[in-house]
2 protein chains.
Amino acid sequence: MGQRGEQLQAEMLTIMDQNSGPISAYDLLEKLRSSNAKMAPTTVYRALASLTEQGRIHRLESMNAYVPCQHDHHHQSSILSICDDCGSVEENVAPDVLNQLETVVGENGFSAKRHVIEVHGLCGTCDSEEAVQ
Amino acid sequence: MGQRGEQLQAEMLTIMDQNSGPISAYDLLEKLRSSNAKMAPTTVYRALASLTEQGRIHRLESMNAYVPCQHDHHHQSSILSICDDCGSVEENVAPDVLNQLETVVGENGFSAKRHVIEVHGLCGTCDSEEAVQ
DNA sequence: TTGTGGAATGTTATATTATAACGTAAAGAG
DNA sequence: CTCTTTACGTTATAATATAACATTCCACAA
């Protein structure tokens, strides 16, 4: 028998919090297997889907990986900035940007339900280090 | 012997233009195999990467699929709106949104290199049809 | 003209990511 | 308690993507 949902989700959040940066579903699975050797991918994906729906984690579509929510899951779409050097991810909430975005796509009558906004580049720290070299 | 790069890329663009909506790498591969039965995934992925670099197609990160560029590859990041009902994709260019986005992530010193902006929802047509039902 | 070095392409194999399908167990409603 | 619904377990497989290395092409020098 496996763990029941909430306990599993809690354990997953702990792992993700301890992990510095995004983690893939299978890397997460591997860590979870230290406490439950038989855990299957399906179980992990289901829990990830649930956590995502709750707004407690975010999926990075451009990396097939997951990060904990940094702004206490208020369900609004976030802007995720991803450092391609050190892998760190920052989350920003900016209603103005979302509004502007909906205006732009709305010009064709499009009705937005879900936003994927991911910015790749260099975080402040890594950008400074690049400049030095 | 397979086809040389440019010819392959041209054929891929033709297929993508004829296809109504995003196409996955493997669906594209299957179509290409009607003219070259031995084509391998690697070949397709390399050509897709090249076309993406040239700005002639866009990859939909949230769908693992590709669409032709609708604005004659000026390399600027686009806003892609994806209808979850009929699968159509529209491309918008909105420098204002990009600027605002860079300002937001720049507050932490982040230096943006690449934007992934994908909006899921219903296109004007499908949204109207929903309302009727 | 030939050879040689580098880049693009071909080829094989495999890694990584994700879901389908179906049986079983748990927990709340009545 | 028992039914029904939802979550969970399990097995298998589908879908997406890349690593690694061999081969070919082609520009350019000797």
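Residues numbered from 1 in each chain as written. Chains lettered and ligands numbered in written order. Predicted model: local features only at pLDDT ≥ 70, side-chain atom pairs only at ≥ 80, totals over all residues. Heavy atoms only, no water.

Naming follows an unreviewed UniProt entry, where chain A appears as Ferric uptake regulation protein of Cognatiyoonia sediminum. Quoted verbatim from the Subcellular location (unreviewed entry) field of UniProt, the annotation for chain A is "Cytoplasm". Under the heading Sequence similarities (unreviewed entry), UniProt records this for chain A: "Belongs to the Fur family." (UniProt positions renumbered as here; feature names shortened; annotations may be inferred.)

K.L.:
Mind showing me how you'd approach the interface of chain A and chain B here?
P.N.:
Where interface size is given, it is often the accessible area lost as the parts come together that is meant. In this complex, chain A contributes 33 residues to the contact, which on the side of chain B involves 33 residues. Remark: the boundary between chain A and chain B carries zero salt bridges. The interface formed by chain A and chain B holds nine residue pairs in polar contact (both at pLDDT 80 or more) in total. Listing elements by their share of the side of chain A that touches chain B, those giving two or more residues are β3 (79-83), β4 (89-92), α4 (95-106), β5 (111-122) and α5 (124-132) of chain A. Here the residues of the side of chain A that touches chain B are counted per class, giving 15 nonpolar, 11 polar and seven charged. As judged from the 11 bridges shared by β5 of chain A and strand β5 (residues 111-122) of chain B, these two strands associate in the antiparallel manner. What sits directly across from H120 of chain A, in β5 of chain B, is R114 of chain B. (Contact = heavy atoms within 4.5 Å. Salt bridge = Lys/Arg side-chain N within 4 Å of Asp/Glu carboxyl O. Polar contact = N/O pair within 3.5 Å; in protein donor to acceptor, adjacent residues only side chain to side chain. Helix = DSSP H or I, 4+ residues; strand = E, 2+ residues; numbered from the N terminus. Nonpolar A, V, L, I, M, F, W, Y, C, P; charged D, E, K, R; others polar. Pairing = 2+ DSSP bridges.)

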